[in-house]
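Listed here are the chains, written in short residue letters.
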Amino acid sequence: MTRAARTVRGDGTVIAGKARGGRTVYGGAVGVLMLETRFPRIPGDMGNALTWPFPMHFKVVRGASPDRVVRQQADGLLDAFKEAANELVEAGADGLTTTCGFLSLMQGELAEHVRVPVATSSLQQVSMVNATLPPRQRCGVVTVSAPDLTPAHLAAAGAPPDTPVVGTENGRELSRVMVGDEPELDVLAAEADVVEASLALLGADATVGALVLECTNMPPYAAAVQRATGVPVYDIVSFICWFQSGLRPRGFA
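As the structure is a prediction and not an experimental result, all values here were calculated from the model.

## Structural notes on the overall build of the chain
For the chain, the helix and strand inventory stands at 9 helices and 8 strands. Here the C-alpha atoms of the chain give a radius of gyration of 19 Å, agreeing with the 18 Å that 2.2 N^0.38 yields for 253 residues. The C-alpha extent of the chain, read off along each of the three principal axes, is 65 × 40 × 35 Å. The buried share of the chain, taken over its 253 residues, is 50%. At a minimum sequence separation of 6, the contacts of the chain that also span at least 24 residues come to 65%. Of the roughly 11800 Å² that the chain leaves accessible, carbon and sulfur atoms contribute 52%.

What follows is the structure in structure tokens.
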């Protein structure tokens, strides 16, 4: 392609003679609605920018603490999430996600409000993973708090209500730090919590042939879970990489 034949799309991609503006920030397709937290976000965590192989927009939703979102079902926060979603779209995001799988409860409202693709929760992968598995196998879910993950959360994500679920709340580190919003994390102990919960689920239910990690803080441990269990493991990073690939398809010469 010659220089004279070039142009630039709204996302900044060169495709034929003129550049078109209208945004504040260019190059990032996905906007992330962040919980307001202080716990560590290590590489692999959704809220760590180093996790992503492409640019992202981030916006903190004030008042959206882990306890309020997980244990109180984000009660009273919908308007704050809508306002933050508006700001991300106005800044240049073509699709939105969140940093908590429990926000599947807002999937319909947010998608209708902003009218761009929305992927609130890693749980939205469950039905897709089920479709890939052999007969009589199904996907299980590992969550930060099994008592708080209701059939309503699963239904809002399009997952079967009888999906097998296990939580890390009986471990000693991950759930305590994430839901309690503690400022320090023992990474090896957190990994052990996720691995042990995953093994417990597979031991309790022989139909489980793959896992989805609900919690957006669990991707750093996905590889360890896969090695320990021997089954496919999906998380918010796998989901949003898929999501982003539709918003910005790879070009080929």
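## Focus: the sheet that holds strand E7 (residues 208-213)
Strand order in the open sheet formed by 4 strands is E6-E5-E7-E8, and the pairing between neighbours is parallel. Two strands close off the open sheet at either side, each with one partner strand: strand E6 (165-167) and strand E8 (233-234). Both strand E5 (residues 138-143) and E7 contribute to a ladder of 5 bridges, which runs parallel. Note that in E7 the partner of Cys-139 across the bridge is Ala-210.

## Regarding the confidence of the model for the chain
Interpretation of the predicted coordinates at a detailed level should be avoided for regions scoring low in pLDDT. Per-residue confidence for the chain averages 94 on the pLDDT scale, and 94% of its residues sit at or above 70. Of the regions scoring below 50 in pLDDT, residues 1-5 engages in 5 contacts with residues more than four places distant in sequence or in other chains.

## Examining the packing of aromatic side chains
Here the structure, examined in full by the defined rule, presents 2 aromatic pairs. On the numbers, 5.8 Å between centres and 35 degrees between planes, the contact of Trp-52 with Phe-54 is tilted. Accessibility classification places Trp-52 together with Phe-54 in one group, the buried group. Centre to centre, the rings of Phe-239 and Trp-242 are 5.8 Å apart; their planes meet at 10 degrees, and the pair counts as stacked. Of the two residues, Phe-239 and Trp-242 both sit in helix H9 (residues 236-247), 3 residues apart, roughly one turn of that helix.

## Points about the pattern of salt bridges
Applying the stated rule across the entire model yields 10 salt bridges. Across the pair Lys-59 and Glu-87 runs a salt bridge whose closest N-O atoms are separated by 2.7 Å. One end of the pair, Lys-59, is in strand E2 (residues 56-60); the other, Glu-87, is in helix H2 (residues 78-91), and 28 residues separate them in sequence. Residue class for Lys-59 comes out partly exposed when judged on its relative accessible area of 28%.

## Observations regarding the sheet that holds E2
A sheet is described by the order of its strands in space; here 4 strands give the open sequence E2-E1-E3-E4, paired in parallel fashion. Because the sheet does not close on itself, it has two edges, and the strands there are E2 and strand E4 (118-119). One ladder, built from 2 bridges, connects strand E3 (residues 95-98) with E4; its direction is parallel. Counterpart to Leu-96 in the pairing with E4 is Val-118.

The rules behind these values
Residues numbered from 1 in each chain as written. Predicted model: local features only at pLDDT ≥ 70, side-chain atom pairs only at ≥ 80, totals over all residues. Heavy atoms only, no water. Helix = DSSP H or I, 4+ residues; strand = E, 2+ residues; numbered from the N terminus. Rg over C-alpha atoms; globule rule 2.2 N^0.38 Å. Buried < 20%, exposed > 50% of the residue type's maximum accessible area, 1.4 Å probe, protein only. Contact = heavy atoms within 4.5 Å. Areas by Shrake-Rupley, 256 points an atom, 1.4 Å probe, with all protein chains shown as cover. Pairing = 2+ DSSP bridges. pLDDT = per-residue confidence, 0-100. Phe/Tyr/Trp six-rings, centres within 6.5 Å; stacked < 30°, edge-to-face > 60°. Salt bridge = Lys/Arg side-chain N within 4 Å of Asp/Glu carboxyl O.

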